[in-house]
Amino acid sequence: MQICIIYSINIDKKTAYIIDNNITNIDLIIPYSIKYKETEYIVTSISEKAFRYSKIKSIQFPKNSELQSIGKEAFFGSLIEKFTVPSRLTKICECAFQNCKQLRKIEVPLDSDLQVIDENAFCNSSIEMFTIPRHLTEISEETFYQCTKLKTIEFQSNSELKTIGKYAFRSSSIESLTLPSCLTKICECAFFYCEKL
């Protein structure tokens, strides 16, 4: 079967958004841009449900990627095993990787611009560790809820994290945690049922 990624384009902004696919069991590289009628469109977003329940194994981006957002339920219930966060990404929307039972590894670069991870983003996935990027100010409600294999949370230097949301790490397997000095609020039940902590 031919590999097919379906894009929507914004003619005025010269940008492109991934909206659907027919990918099965491969490692995918999202390009910096696509061409349509001799015009270049920069890929800036993976839209809502674009890879929902897909059989993709991993997804990577070129160093010059301009991807800025990953939409709601973009990879919900997919078979993805590994995800490398592009440096320019600023937002991961709610439930983006929820129920990704094969997802074990998330790579976050040192120069990450990631600022927002919405609620339930990694809920019920199998990630084993996660690095909180420097510019993230809040770990949202239930972001890592039921991540039963999650043992390690690390913070990049000069972390700007201020809030850990309600049930953020509920039922995870975190064993130890050193919180950044700028943290001002831990919401109720943030570490509920974290029996190894």
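These numbers come from a predicted model, not from an experiment. The residue numbering used here restarts from 1 in each chain and proceeds along that chain's sequence as written. This being a predicted model, a pLDDT of at least 70 is required before a residue's local features are given, and a value of 80 or more before pairs of side-chain atoms are given or counted; all residues contribute to the totals for chains, interfaces and linings. Side-chain figures throughout are based on the complete set of non-hydrogen atoms in the structure, without hydrogens or water.

Visitor: So, the packing of aromatic side chains: which residues are in play, and what are the values?
Guide: Here a Phe, Tyr or Trp ring, Trp counted by its six-membered ring, pairs with any other such ring whose centre lies within 6.5 Å, and the pair is stacked when the planes are under 30 degrees apart, edge-to-face when over 60, and tilted otherwise. Counting across every chain of the model gives 13 aromatic pairs. Arranged with centres 5.7 Å apart and planes meeting at 75°, the rings of F61 and F83 form a pair that is edge-to-face. In this pair, F61 sits in the loop between β6 (58–60) and β7 (69–70) while F83 sits in strand β8 (residues 82–84), placing the two residues 22 residues apart along the sequence. Only protein chains enter the accessibility calculation, which uses a 1.4 Å probe; a residue is then buried when its area is under 20% of its type maximum, exposed when over 50%, and partly exposed in between. Under the relative-accessibility criterion, F61 is labelled buried at 14%. Ring-pair connections join several aromatic residues into one group, and the members of that group are F51, F61, F75, F83, F97, F122, F130, F144, F169 and F191. Comment: elements are numbered from the N terminus, with helices defined as DSSP H or I runs of at least four residues and strands as E runs of at least two.

Visitor: Got a sec to walk through the pattern of salt bridges? Specific residues and values, please.
Guide: We count a salt bridge whenever a side-chain nitrogen from Lys or Arg sits within 4 Å of a carboxyl oxygen from Asp or Glu. Going through the model one piece at a time under the given rule, you end up with eight salt bridges. The salt bridge involving R88 is made with E66; its shortest N-O contact spans 3.1 Å. Of this pair, R88 sits in the loop between β8 and β9 (91–92) while E66 is found in the loop between β6 and β7, placing the two residues 22 residues apart along the sequence. For R88, a relative accessible area of 37% translates into the label partly exposed. Its salt-bridge partner being E107, residue K105 comes within 3.3 Å of it at the nearest N-O pair. Members of the salt-bridge network, linked through shared partners, are E66, R88 and D113.

Visitor: Explain the sheet that holds strand β10 (residues 105–107) residue by residue, including any values.
Guide: Pairing between strands is defined by DSSP: at least two bridges between them are needed. Strands sit in the order β3-β6-β8-β10 across an open sheet of four strands; the sheet is parallel. The open sheet terminates on both sides in strands that have one partner only, identified here as β3 (27–29) and β10. The average angle at which neighbouring strand axes cross in this sheet is 10°, direction not considered. Across three bridges, the pairing between β8 and β10 is parallel. Along β10, the bridge assignment pairs K82 with K105. Between N-to-C directions, angles span 0 to 180 degrees; the directions come from axes that are lines fitted to C-alpha atoms, helices contributing only their stretch in contact.

Visitor: So what about unusual backbone geometry? Which residues, and what values?
Guide: At K49, a residue that is not glycine, the phi angle is positive and equals roughly 65°. Relative to the helices and strands, K49 resides in the loop between β5 (39–46) and β6. The exposure class assigned to K49 is partly exposed, which follows from its relative accessible area of 41%.

Visitor: Give a description of the pairing of strand β1 (residues 5–10) that names residues and reports values.
Guide: As paired elements, β1 and strand β2 (residues 15–21) share six bridges and run antiparallel to each other. Looking at the pairing, I6 lines up with D20 of β2. Hairpin connection of β1 to β2: four residues between the antiparallel strands, including K14 at a positive phi of 60°.

Visitor: Describe the side chain of Q156, naming the residues involved and giving the relevant values.
Guide: Here Q156 is to be found in the loop between β14 (152–155) and β15 (163–164). Polar contact criterion, stated in full: a pair of N or O atoms within 3.5 Å, where within protein one must be able to donate a hydrogen and the other to accept it, and residues adjacent in sequence count only if both atoms are side-chain atoms. Polar contacts involving the side chain of Q156 include one to the main-chain amide nitrogen of R134, which spans 3.0 Å. Any pair of residues with heavy atoms lying within 4.5 Å of one another is described as a contacting pair. Once you skip the residues sitting within four places of it in the chain, Q156 turns out to touch V108, P109, L110, T131, I132, P133 and R134.

Visitor: I'd love a proper account of the nonpolar core, names of residues and values included.
Guide: As used in this record, nonpolar core signifies buried Ala, Val, Leu, Ile, Met, Phe, Trp, Tyr and Cys residues forming a set joined through side-chain atoms within 4.5 Å. Formed by 51 residues in total, the largest nonpolar core has its most connected members in I59, F75 and F122. Those elements giving two or more residues to this core turn out to be β2, β5 and β12 (129–132). Sorting elements by how many residues they give to this core places β5 first, with three residues. Residues within four places of F75 in sequence aside, it is in contact with I46, F51, R52, I59, I70, I80, F83, A96, F97 and C100.

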